[in-house]
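Structural features, examined
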Amino acid sequence: GIALTTDGYNVTKTNSGWLVVADAEQNRVVLFKKPFVSGMSASVVLGQSGATSSAPSNTQRGFNSPRGVAVDPQDHILVADTTNGRVQIFDQAANLGTGAAALISLSGTFKTPVSVSAGPSGDFWVADSQAGRMIHYPSVSNLPQVNNSPDASVAFVSPHSVFVDSANNVLA
């Protein structure tokens, strides 16, 4: 099976039951498809060309220390690619293969995005730790095609995580 390092930062589950794990030290996000068994190999590896690769990359297919993962109501996988200063948005897990490219890359807005969380309507928040703020985006389906700028930013002192509950309350 695939070995997860002790620096895995965040775990979430897709609406279709896949387990999604940010493995920052190995510069990857690994996905596991049910049924889960002890010692199983990852079904999909994002950010690397294979399960044994771990080089950092700033391409549409690579990561550099991804620390946060979230899933929106449409099952898009959102990844806080921390050292690259961006959020990568991927298709549904069932449509992905190892080394898949992101559908959308949100960059130019962040210093160090460390956490991401999607609300029940699909809008999402990003904790940008070194910038000292929380950044809000509309749902993936409502992102502008040309300029994917956030629609709100709120000052916080070095936020390290964000969570949006089922009532759309934001907790940081």
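Our subject is the structure listed above.
To start, this report covers the structure provided alongside it.

Reading guide: rules and limits
- Residues numbered from 1 in each chain as written.
- Predicted model: local features only at pLDDT ≥ 70, side-chain atom pairs only at ≥ 80, totals over all residues.
- Heavy atoms only, no water.
- Pairing = 2+ DSSP bridges.
- Helix = DSSP H or I, 4+ residues; strand = E, 2+ residues; numbered from the N terminus.
- Axes fitted to C-alpha atoms, helices over the stretch in contact; angles between N-to-C directions.
- Core = buried A, V, L, I, M, F, W, Y, C linked by side-chain atoms within 4.5 Å.
- Buried < 20%, exposed > 50% of the residue type's maximum accessible area, 1.4 Å probe, protein only.
- Contact = heavy atoms within 4.5 Å.
- 1 Å grid on protein atoms, 1.4 Å probe; cavity = no way out; pocket = protein on both sides within 12 Å on 5 of 7 lines; lining within 4 Å.
- Points joined across faces, edges and corners; volume = space filled by probe spheres on them.
- Nonpolar A, V, L, I, M, F, W, Y, C, P; charged D, E, K, R; others polar.
- Phe/Tyr/Trp six-rings, centres within 6.5 Å; stacked < 30°, edge-to-face > 60°.

1. Remarks on the sheet that holds strand β7 (residues 86-90)
- Taken in spatial order, the four strands of this open sheet run β5-β6-β7-β8, and their pairing is antiparallel. A single partner strand is all that each edge strand has here, and the edge strands are β5 (66-71) and β8 (104-107). In this sheet, adjacent strand axes meet at a mean angle of 20° when their direction is disregarded.
- The sheet contact formed by β5 and strand β6 (residues 77-81) spans five bridges and is antiparallel.

2. Here's the deal with the nonpolar core
- Counting residues in each nonpolar core, the largest one holds 16 residues, and the members touching the most others are Val29, Leu31, Leu46, Ile77, Val79, Phe90 and Leu96.
- Broken down by secondary-structure element, the contributors of at least two residues to this core are β2 (19-23), β3 (28-32), β4 (44-46) and β6.
- Excluding residues within four positions of it along the chain, Leu96 makes contact with Leu31, Val44, Leu46, Ile77, Phe90 and Asp91.
- Membership of the second largest hydrophobic core comes to 14 residues, among which are Ala70, Val87, Val116 and Leu143.

3. A closer look at the layout of surface pockets
- By volume, the largest pocket is sized at about 310 Å³.
- Forming the boundary of the largest pocket are 21 residues, of which Thr12, Ala70, Ser117, Ala118 and Phe163 lie nearest the centre.
- Secondary structure elements with two or more residues in the lining of the largest pocket: β1 (8-13), β5, β9 (113-118) and β13 (163-164).
- Top contributing element to the lining of the largest pocket by residue count: β9, with four residues.
- Split into classes, the residues belonging to the lining of the largest pocket amount to ten nonpolar, eight polar and three charged.

4. Describing unusual backbone geometry
- A cis geometry characterises the amide bond from Lys34 onward to Pro35, with omega recorded as 0°.
- Along the chain, Pro35 turns up in the loop between β3 and β4.
- Unlike most non-glycine residues, Ser65 shows phi in positive territory, near 60°.
- Within the secondary structure, Ser65 is located in the loop between β4 and β5.
- We note that Asp75 has phi near 75°; this positive angle belongs to a residue other than glycine.

5. Some remarks on the packing of aromatic side chains
- Per the stated rule, a full pass over the model turns up three aromatic pairs.
- Ring centres 6.2 Å apart and planes at 45° place the aromatic pair Phe110 and Tyr137 in the tilted group. Linking Phe110 in the loop between β8 and β9 with Tyr137 in strand β11 (residues 133-137), this pair joins segments that are 27 residues apart in sequence.
- Taking the relative accessible area as the measure of exposure, Tyr137 reaches 0% and is therefore buried.
- Centroid distance Phe124 to Tyr137: 5.2 Å. Interplanar angle 15°. Geometry classified as stacked. Of the two residues, Phe124 is situated in strand β10 (residues 124-128) and Tyr137 in strand β11; the sequence distance between them amounts to 13 residues.
- Here the aromatic cluster, defined as three or more aromatic residues joined through ring pairs, consists of Phe110, Phe124 and Tyr137.

6. Here's the deal with the sheet that holds strand β12 (residues 152-155)
- As summarised here, the arrangement of the four strands in space is β9-β10-β11-β12, forming an open sheet in which the pairing is antiparallel. Sheet topology places β9 and β12 at the edges, where each strand pairs with a single neighbour. Pairwise comparison of adjacent strand axes, ignoring direction, gives a mean angle of 20° for this sheet.
- Bridge count for β11 against β12 is four bridges, and the pairing is antiparallel. Bridge assignment links Ile135 to a residue of β12, and that residue is Ser153.

7. Concerning the side chain of Ser115
- The residue Ser115 is located in strand β9 in this model.
- Residue Ser115 is classed as buried on the basis of its relative accessible area of 7%.
- The contact partners of Ser115, leaving out residues within four places of it in the chain, are Gly68, Ala80, Trp125, Val126, Ala127, His160, Ser161 and Val162.

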